[in-house]
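The chain contents come next:
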Amino acid sequence: MNKAVIMAGGFGTRLRPLTMQIPKPMVPILNIPMMGHIVNLLKKHNISDIISLLYFQPDKITSYFDDGKDFGINMSYVLAQADYGTAGAVKNAYKQLNERCIIISGDVLTDFDLSEAIKFHESKGSLATLLLTRVASPIEYGIVITDNDGKIVRFLEKPSWGQVFSDTINTGIYILEPEALDLIPYQQEFDFSKDLFPLMLEKQMPLYGYIAEGYWRDVGNLNEYQIGQFDSLQNKVNLGIEISNKIEATDVSIPKSTILVGKNIIGKSTKIGENCTIENSVIGDNVTIGNGCKLQKATIWNNVTIGDMVIMNDDVICNDVIIKDNVEISENVFIAEHCNIGNGARLFSNIKLWPRKIVEDGASLFRSMVQEEKWNRELFTDARISGVSNIEINPEFGAKFGAALGMAFGKKTTILASRDADIVSRIIKRSITAGLLSVGVNVNDLQQISIPQTRQELRAGKYIGGLHVRKSPRNPDYTDIIIFNKDGRDITIATTKKIERFFFGEDIERVISADVGQIAFPERTQEFYIGRYLNSLKSELLIQRKFKLLMDYSFGLASTIFPNILGKLQAEVISLNNYVDGSKFHPDPTEGSNVIDDTGKIMRSLGYELGFRLQAGAEKISLIDERGKWYSSVRLLSIVTKLFLETNKNREPYKIAVSIVAPSEIDLIAKEYNVEVIRIKNNHSAMMEVTLDETVLFVGGVYGGFIFRDFLFASDGMFTIGKMLEMLAETNLTVSQLDETLPKRFQKVLEVPVPWENKGTVMRCAMEHSENMNKHLVEGVKIFINNDSVLLLPAKEKASFLVYGESDTIEGADKIANEYANYIQLWKSK
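Residues numbered from 1 in each chain as written. Predicted model: local features only at pLDDT ≥ 70, side-chain atom pairs only at ≥ 80, totals over all residues. Heavy atoms only, no water.

Draft legend 1. View of the overall build of the protein chain. Tallying secondary structure elements over the protein chain gives 22 helices and 53 strands in all. Counting only C-alpha atoms, the protein chain reaches 110 × 60 × 55 Å along its principal axes. Every one of the 830 residues in the protein chain was classed for burial, and the buried ones make up 56%. Nonlocal contacts in the protein chain, meaning residues at least 24 apart in sequence, comprise 59% of its contacts between residues at least 6 apart. (Helix = DSSP H or I, 4+ residues; strand = E, 2+ residues; numbered from the N terminus. Buried < 20%, exposed > 50% of the residue type's maximum accessible area, 1.4 Å probe, protein only. Contact = heavy atoms within 4.5 Å.)

Shown next, in the form of structure tokens:
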């Protein structure tokens, strides 16, 4: 007998992520594809005419084996057009199957004596012989019961333990005569175990089972793959490879200080650094391993780069992966092709990384990465967590994060929760709530409400902290989770680190059922907010003024409460986008000021005085005047600052705070008043933090957010609008008058890509460059050169630097920004 059919069309779903870019038969054992071992087994028993049945990623198999001549065989291929089952797939090759043949899977690991099986088949005059083996746990396989002569009397496909009448199973290796193949219908779904063999039993055709001696393993999942690899390395299966410490080529570099323990295979063109320990591992071709690494029971495929001081234990690393220095990978981690693991990262046990994933420097990865592109080294940016909606920020993440948050705040405490209107925010808030309840924390759920209202509610002092889930105002495909402390401010860095320790450490203590937290739904939150709002303004002045306004609510939560407030102030209002719709997206004011093309026409035609756009989360605003001119958020800062200074002369001296990014026109405006201007970091947490100083009465951001300390220590777009109207009424000024008379400085903003690992170098070079220059170091490096300035600010969430050039002219701002962008390009390569 010289004919064999290799079943090589499987998807290998349970072997993912190892089979994301190669078919299951091409997964390597001892640096040779499993199908290669099957070919060697067939050739060993003088079977050299082989047909391979292909379906999934066929080119990976055909390009490796070609016509088989390099392997001492003749290989031909049949490509299935559909999934016709195991027997139906073989029938596709019927034109080449007019003689006895052996059917074998391309993804099993075995050393069965096929020659003895063929002799048994011939001696029994069998039309179909199944190779059988005995296993300890037969419920995963098909049980076969034979009589004393080996004739099959019963099949039981994947039984329950109550149906296990034997430990003898079907291995999926069959010797078939043409008469058996004739029973298989062409291009119809037909299975050997479920259809063909029961049919042969029914027809009382000669059907036998041969109990084979030797090793057999179905490499059907990741655990079986690891076992099969290690068994092969320990010579438990005879693959024709003698192993002690097998080095496969003369171009392998292993220094004397590196120790090989147990049995190892090391592939071609591989280089291993000094003082490494390699124990019972399989290392592929063209692998580079740095100094001081410890690899135990590791499987490393081809073209992998491993840095210094890397620790691995019982892991599988696929082709073209980069693992940088000081990485620790716990057991049972599977990393697919083209992944990049950053310096000092830690990968916890039992996780999988799909292809092309990025784990950032210093990250602790506790769960598998399937769809998300990267895993950040930290959860928080300030008091916020952001990620791709339902991919990175998903229900599983929410439940785990909620449990970690609850552990940080403590059992039997109560947390206030709120959310935006979109469906993902609803899902994630519910999953976080589930995690909180599971560790014994109570949740008071405000449901759908804005962040400023949540902060106001927290000021009542009834809660240990709060959270809000929203669609990110920066990217509609992202979700943000914001955490507040007990007085409504953003949590501190110390608290974020505490939450992260529980999240990454996984030492979550679930409570017994009697101690699970409770959910409540507070009432009268809206009434409380409206009352405090009106009492914080000179409402009578606004009522007398009767402003004519245009309001764009951006389909956000303010549309549920702010019309009521404006009605009480007797403003005449035209409203746009004035209903809640979580599926809509209006960008954060950060992204620009061109909002709606027709808004200016509406303002001019109706003779309205002012128009405002509220960010969907109701924290920030944009402004349009009676001329139909939209203001940049930076110019808006100057206008609001002037109004505040003009209406608070009676409170001098005091302080105001603005972002380090804000132009120096703020300082020019403030010169007329007895106030001190403080520069702060460019984020909302810094804005809130500075209000701890009771002499700071006003804080202005460069993205449309403002804090009026008398009302709230955080940005509230609704109150900003009311306060602006009050100040305009008091001063009898108009926005357009202020714009025309206030000092004007120009800014040019550039973004320069800088790898994370080079940001420190750029900052050092910037400090050296500006050593004898006037500068501010509030955040980044702001350098003053004559009447110009430039701020070099490392981006928090991107591998880049932002360059803010400032001058009295557009040309001057452009010149200094480009000059320092070029400096950064030079510095980052040092």
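Draft legend 2. Here's a closer look at the sheet that holds strand 43 (residues 610–614). With mixed pairing, the four strands of this open sheet are ordered in space as 42-41-43-44. Every interior strand has two partners, whereas the edge strands, strand 42 (572–576) and strand 44 (621–625), have only one. The mean angle between the axes of side-by-side strands here comes to 20 degrees, regardless of whether they run parallel or antiparallel. Here strand 43 pairs with strand 44 via five bridges, running antiparallel. For Gly611, the partnering residue across the bridge sits in strand 44 and is Ile624. (Pairing = 2+ DSSP bridges. Axes fitted to C-alpha atoms, helices over the stretch in contact; angles between N-to-C directions.)

Draft legend 3. Looking closely at the nonpolar core. Tyr533, Phe562, Ile565, Phe612, Leu614, Met718 and Met724 are the most contacted members of the largest nonpolar core, which totals 74 residues. Once you skip the residues sitting within four places of it in the chain, Ile565 turns out to touch Tyr529, Ile530, Tyr533 and Leu534. Core analysis: the second largest hydrophobic core is formed by 57 residues, Ala4, Leu42, Ile50 and Val219 among them. (Core = buried A, V, L, I, M, F, W, Y, C linked by side-chain atoms within 4.5 Å.)

Draft legend 4. Molecular detail of unusual backbone geometry. The linkage connecting Arg16 with the following residue, Pro17, adopts the cis geometry, with an omega of 10 degrees. Tracing the backbone shows Pro17 in the loop between strand 1 (3–7) and strand 2 (28–29). For the peptide bond that leads from Glu652 to Pro653, omega is 0 degrees, which places it in the cis range. Along the chain, Pro653 falls in the loop between helix 16 (633–647) and strand 45 (654–659). The phi angle at Asn235 is positive, at roughly 60 degrees, despite the residue not being glycine. Take Asn235: it is sitting in the loop between helix 7 (222–233) and strand 14 (245–247). Even without being a glycine, Asn286 presents a positive backbone phi close to 55 degrees. Its place among the elements puts Asn286 in the loop between strand 19 (282–283) and strand 20 (288–289).

Draft legend 5. Local environment of the packing of helix 8 (residues 395–409) against helix 9 (residues 423–438). Here helix 8 crosses helix 9 at 40 degrees, and the two axes come no closer than 6 Å. Classed by the angle they form, the pair helix 8 and helix 9 counts as oblique. As for how helix 8 packs across helix 9, the hand of that crossing is right-handed. Here Pro395, Gly398, Ala399, Phe401, Gly402, Ala403, Leu405 and Gly406 of helix 8 come into contact with helix 9, specifically with Ile427, Ile428, Ser431, Ile432, Gly435, Leu436 and Ser438. For the contact of helix 8 with helix 9, a count of residues per class yields nine nonpolar, six polar and no charged. (Parallel < 35°, antiparallel > 145°, perpendicular 65-115°, else oblique. Left-handed = near helix turned anticlockwise from the far one by under 90°. Nonpolar A, V, L, I, M, F, W, Y, C, P; charged D, E, K, R; others polar.)

Draft legend 6. Just the environment of Ala618, in detail. One can find Ala618 in the loop between strand 43 and strand 44. In sequence terms Ala618 and Ile322 are 296 residues apart; their C-alpha atoms lie 44 Å from each other. Each residue touching Ala618, except ones within four places of it in the same chain, is listed here: Ser450, Pro452, Ala558, Asp716, Gly717 and Met718.

Draft legend 7. Summary view of helix 8. The terminal C-alpha atoms of helix 8 lie 21 Å apart, and with 15 residues this matches the ideal 21 Å at 1.5 Å per residue to within 8%. Burial of helix 8 is extensive: 12 of the 15 residues sit out of reach of the surface. For helix 8, the set of buried residues is Phe397, Gly398, Lys400, Phe401, Gly402, Ala403, Ala404, Leu405, Gly406, Met407, Ala408 and Phe409. Measuring from the side-chain oxygen of the N-cap residue of helix 8 to the backbone nitrogen of Glu396 gives 3.2 Å; that N-cap residue is Asn394. Positioned one or two residues after helix 8, Gly410 has a phi angle of 105 degrees, which is positive. (Expected span 1.5 Å × (residues − 1). Polar contact = N/O pair within 3.5 Å; in protein donor to acceptor, adjacent residues only side chain to side chain.)

Draft legend 8. Main features of helix 4 (residues 114–124). Buried within helix 4 are the following residues: Leu114, Ala117, Ile118, Phe120 and His121. One face of helix 4 carries all of its buried residues, which in axial projection span an arc of 155 degrees. Of the residues in helix 4, the exposed ones pointing more than 90 degrees away from the buried face are Lys119 and Ser123. Two to three positions downstream of the cap, the backbone nitrogen of Ser115 sits 3.1 Å from a side-chain oxygen, assigning the N-cap of helix 4 to Asp113. After helix 4 finishes, the residue Gly125 shows a positive phi value of roughly 60 degrees. (Arc of directions from axis to C-beta.)

Draft legend 9. Fine view of the environment of Leu738. Mapped onto the secondary structure, Leu738 falls in helix 20 (residues 735–741). Residues Leu738 and Lys642, 96 residues apart in the sequence, show an inter-C-alpha distance of 8.2 Å. In contact with Leu738, other than residues within four places in its own chain, are Arg635, Ile639, Lys642, Leu643, Leu728 and Leu733.

Draft legend 10. The pattern of salt bridges, seen in detail. For the structure on display, the rule yields 37 salt bridges. Where Arg635 meets Glu665, a salt bridge forms, and the shortest distance between an N and an O atom there is 3.1 Å. Placement of the pair is Arg635 in helix 16 and Glu665 in helix 17 (residues 665–670), with a sequence separation of 30 residues. With a relative accessible area of 3%, Arg635 lands in the buried category. In this structure Glu665 comes out as buried when scored by relative accessible area, which is 1%. Of the charged contacts in the structure, one is a salt bridge between Glu646 and Lys649, with a shortest N-O distance of 3.0 Å. (Salt bridge = Lys/Arg side-chain N within 4 Å of Asp/Glu carboxyl O.)

Draft legend 11. Inspection of the pairing of strand 11 (residues 168–176) at higher detail. Within strand 11, eight of the nine residues are buried, which leaves it mostly tucked inside the rest of the structure. Strand direction decides the pairing type here: strand 6 (residues 101–105) and strand 11, joined by three bridges, are antiparallel. Looking at strand 11, one finds that Ile103 is bridged to Tyr174. Judged from the seven bridges that link them, strand 8 (residues 128–134) and strand 11 form a sheet pairing that is antiparallel.

Draft legend 12. Up close: the sheet that holds strand 21 (residues 294–296). Spatial ordering of the open sheet is given by 15-18-21-24-27-30-33, a layout of seven strands whose pairing is parallel. Each edge of the open sheet is held by one strand with a lone partner, namely strand 15 (259–261) and strand 33 (364–365).

Draft legend 13. Here's a closer look at the side chain of Glu224. Within the secondary structure, Glu224 sits in helix 7. Its relative accessible area of 15% is what places Glu224 among the buried residues. In contact with Glu224, not counting residues within four places along its chain, are Arg217, Asp218 and Val219.

Draft legend 14. Highlighting the packing of aromatic side chains. Under the counting rule described, the total for this entry stands at 28 aromatic pairs. Taking the centre distance of 5.5 Å and the plane angle of 80 degrees together, the rings of Tyr533 and Phe719 count as edge-to-face. Of the two residues, Tyr533 sits in helix 12 (residues 525–535) while Phe719 sits in helix 19 (residues 717–731), which places them 186 residues apart along the sequence. Assigned by exposure class, Tyr533 and Phe719 land together as buried. For the ring pair Phe708 and Phe719, a centre distance of 5.9 Å and an interplane angle of 65 degrees mean the geometry is edge-to-face. (Phe/Tyr/Trp six-rings, centres within 6.5 Å; stacked < 30°, edge-to-face > 60°.)

Draft legend 15. Region of the structure containing the state of the cysteines. Under the criterion given, the structure shown has zero disulfides. With no disulfide of its own, Cys339 lies 8.3 Å from the sulfur of Cys318, the closest cysteine sulfur. (Disulfide = S-S within 2.5 Å.)

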